[in-house]
Amino acid sequence: VVEVKLDEADLDILSPGSDIQLRVHAFPSIKNYGKVIKLKLSPSLMAVAAVANSSNTLLPEMTGYAKVSCGKVSLASLSMRKVTRFFRLEFWSWF
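Keep in mind that this is a model prediction, so the values were computed, not measured.

Thresholds, definitions, all that
- Residues numbered from 1 in each chain as written.
- Predicted model: local features only at pLDDT ≥ 70, side-chain atom pairs only at ≥ 80, totals over all residues.
- Heavy atoms only, no water.
- Helix = DSSP H or I, 4+ residues; strand = E, 2+ residues; numbered from the N terminus.
- Buried < 20%, exposed > 50% of the residue type's maximum accessible area, 1.4 Å probe, protein only.
- Pairing = 2+ DSSP bridges.
- Axes fitted to C-alpha atoms, helices over the stretch in contact; angles between N-to-C directions.

(A) Examining the environment of S29 more closely. Tracing the backbone shows S29 in strand β3 (residues 27–41). On the basis of relative accessibility, which here comes to 67%, the residue S29 falls in the exposed class. Spatially, the C-alpha atom of S29 lies 40 Å from that of F87, the residues being 58 residues apart in sequence.

What follows is the structure, given as structure tokens:
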């Protein structure tokens, strides 16, 4: 089981059951795969995932990078997501 810190702004597109892929700094050439079990806020957004460790390269407190699959999204949709978020939250707060 691993915990991965995520951006809170992506909470609406994340869900348990999503595929996760991670690499740790100690073994950058080894990819580890798993599934998100649950999402928790404590105090930042964390994904708890079950990851296969057949090569025994994952140890407690290791750091690295992870990718959580959220489905296919077009580049235009991804760009509009950021613009929409700006107007809904940042622009709104000015008034």
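That was the structure; now back to the text.
(B) Structural detail: the pairing of strand β4 (residues 45–51). Of all seven residues that make up β4, six are buried, and the element is covered over most of its length. Summarising the sheet, strand β1 (residues 2–5) and β4 pair through four bridges and their orientation is antiparallel. Each residue of the ladder has a partner; that of K5, found in β4, is M46. Bridge count between β3 and β4: seven bridges; the pairing is antiparallel. Considered in β4, the bridge of K35 is made with A50.

(C) Focus on the sheet that holds strand β5 (residues 64–68). Ordered in space as β1-β4-β3-β2-β5, the five strands form an open sheet in which the pairing is antiparallel. Among the strands making up the open sheet, the edge pair consists of β1 and β5. Strand-to-strand, the axes of this sheet are offset by a mean angle of 40°, without reference to chain direction.

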